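So you can see what is in the structure, the chains are spelled out below.
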Amino acid sequence: MQDTKTAKAPTSPVRHIAFIMDGNGRWAKRRGLPRQKGHAEGAKVFDTIVRACFARGIEAVTVYAFSTENWSRPEAEVNAIMKLMGQYLRYAEKTLADNDIRIIFIGSKDRLSPALRKKAEAVEEKSKHKTHILNIAFNYGGRDELVYAFRQLAAEGKTDITEDDISAHLYTAASPALDLVVRTGGDIRISNFLIWQSAYAEYYFTKTLWPDFSEEELDKALSEFGARERRFGGVQ
Ligand code: IPE
Ligand code: IPE
Ligand code: MG
């Protein structure tokens, strides 16, 4: 029998990982399905991968689920994504007692429907004492986040602003420094994601479409991270 007093949770050299979960639409198109089906499949993979990250000892996971620019998509697609997020939050609320995940919405809740906003706030509140951080970037934009941080600092009357002040006012303030950003779908860009936090993060780009992303590929990204030399501007 395992001694629960001495059994240690795994730790990972990656403390904070982020995913740009891209390629849902193309995954559906290749199968002759509506884009919405790709998002539904992507939502399942999202749950699997988030759990896999925590099982590997990663402390914080940030997922890009809906950007400030994604409102420009057809209404039916936007509505489908909103509905999927509502479903995920109901599922997260129901399974709250079975896991140790703290859900934090990063991005502005201003444009969300009152019902979705209420559900997001309820799940944030109910999970706030949990250990593993899941940042859901929803109506999130890196530029929008910086404007939000600067406005907060201005409202506090702060003038002598430091880098630490800015970091402390970002939506991700509760998370450790970002180590690794994974983008699926084949595009080599950051699309307004974590622009401040990724200053010294490592990137892993893969052509795999998000609904095809797997635990095996997660392990490949983590092992590639382990083989990289992070110099942070210094010399080895
Ligand atoms: C990412 O998949 C999910 C969201 C942006 C909501 P896409 O919907 O962008 O999929 P592609 O890039 O069109 O294949
Ligand atoms: C980035 O993907 C946003 C999300 C994954 C939520 P997009 O598909 O919106 O990015 P672009 O338009 O290709 O840059
Ligand atoms: Mg895309």
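In case you missed it, the structure is sitting above this.
Now for a description of the structure that goes with this document. (Residues numbered from 1 in each chain as written. Chains lettered and ligands numbered in written order. Predicted model: local features only at pLDDT ≥ 70, side-chain atom pairs only at ≥ 80, totals over all residues. Heavy atoms only, no water.)

### A word on the overall build of the chain
Looking only at helices and strands, the chain features seven helices and six strands. Counting helices and strands in the order they occur from the N terminus, the chain gives β-α-α-β-α-β-α-β-α-α-β-β-α. Over its C-alpha trace the chain gives a radius of gyration of 18 Å, about what one expects of a compact globule, namely 18 Å for 236 residues. In terms of overall dimensions, the chain has a C-alpha envelope of 55 × 50 × 40 Å along the principal axes. The 236 residues of the chain split such that 47% are buried. Pairs at least 24 residues apart make up 76% of the contacts formed inside the chain by residues separated by at least 6 positions. Accessible area for the chain stands at about 12,900 Å²; split by element, carbon and sulfur atoms hold 51% of it. A distance of 6 Å separates the average location of the 35 positive side-chain charges in the chain from that of its 32 negative side-chain charges. (Helix = DSSP H or I, 4+ residues; strand = E, 2+ residues; numbered from the N terminus. Rg over C-alpha atoms; globule rule 2.2 N^0.38 Å. Buried < 20%, exposed > 50% of the residue type's maximum accessible area, 1.4 Å probe, protein only. Contact = heavy atoms within 4.5 Å. Areas by Shrake-Rupley, 256 points an atom, 1.4 Å probe, with all protein chains shown as cover. Lys, Arg positive; Asp, Glu negative; His and termini not counted. Charge placed at Lys NZ, Arg CZ, Asp CG, Glu CD.)

### What to know about the site of ligand 2
The environment of ligand 2 is formed by Ile20, Met21, Asp22, Tyr64, Ala65, Phe66, Asn70, Arg73, Arg183, Arg189 and Ser191. Within the side chain of Asp22, one N or O atom sits 3.2 Å away from an oxygen atom of ligand 2. Between ligand 2 and Ser191 there is a distance of 2.7 Å, counted from an oxygen atom to a side-chain nitrogen or oxygen. Notes on ligand 2: free accessible area 390 Å², of which the protein chains cover 77%. Sorting elements by how many residues they give to the shell around ligand 2 places strand S2 (residues 60-67) first, with three residues. A per-class count over the shell around ligand 2 returns five nonpolar, two polar and four charged. (Near = heavy atom within 4 Å. Polar contact = N/O pair within 3.5 Å; in protein donor to acceptor, adjacent residues only side chain to side chain. Nonpolar A, V, L, I, M, F, W, Y, C, P; charged D, E, K, R; others polar.)

### Structural notes on the pattern of salt bridges
For side chains bearing opposite charge, pairing can occur when the charged atoms are close. Under the criterion given, the structure shown has 23 salt bridges. Through salt bridges with shared partners, one network takes in Asp22, Arg26, Arg183, Asp187 and Arg189. (Salt bridge = Lys/Arg side-chain N within 4 Å of Asp/Glu carboxyl O.)

### Observations regarding the side chain of Asp179
On the secondary structure map, Asp179 appears in the loop between helix H6 (163-168) and strand S5 (180-183). By relative accessible area, Asp179 is classed as buried at 9%. Discounting residues that sit within four places of it in the chain, Asp179 has contacts with Pro13, Val14, Arg15, His16, Ala201, Glu202, Phe225 and Arg230.

### Some thoughts on the site of ligand 1
Residues in close proximity to ligand 1 total 13 residues, the closest being Asp22, Gly25, Arg26, Arg35 and Arg73. Between ligand 1 and Asp22 there is a distance of 2.9 Å, counted from an oxygen atom to a side-chain nitrogen or oxygen. Within the side chain of Arg73, one N or O atom sits 2.7 Å away from an oxygen atom of ligand 1. Protein burial of ligand 1: of its 380 Å² of free accessible surface, 87% is covered by the chains. Only helix H1 (24-30), helix H2 (35-55) and helix H3 (75-94) provide two or more residues apiece to the shell around ligand 1. If you tally residues by element for the shell around ligand 1, the top one is H1, at three residues. Split into classes, the residues belonging to the shell around ligand 1 amount to three nonpolar, five polar and five charged.

### So, the pairing of S5
In S5, alternate side chains face the same way, and those of Leu180 and Val182 on one face and Val181 and Arg183 on the other are all buried. As judged from the four bridges shared by strand S1 (residues 16-20) and S5, these two strands associate in the parallel manner. By the bridge assignment for S5, Ile20 is matched with Arg183. Two strands pair when backbone bridges link them, and S5 and strand S6 (residues 202-205) are joined in this way by four bridges, in the parallel orientation. Considered in S6, the bridge of Leu180 is made with Glu202. (Pairing = 2+ DSSP bridges.)

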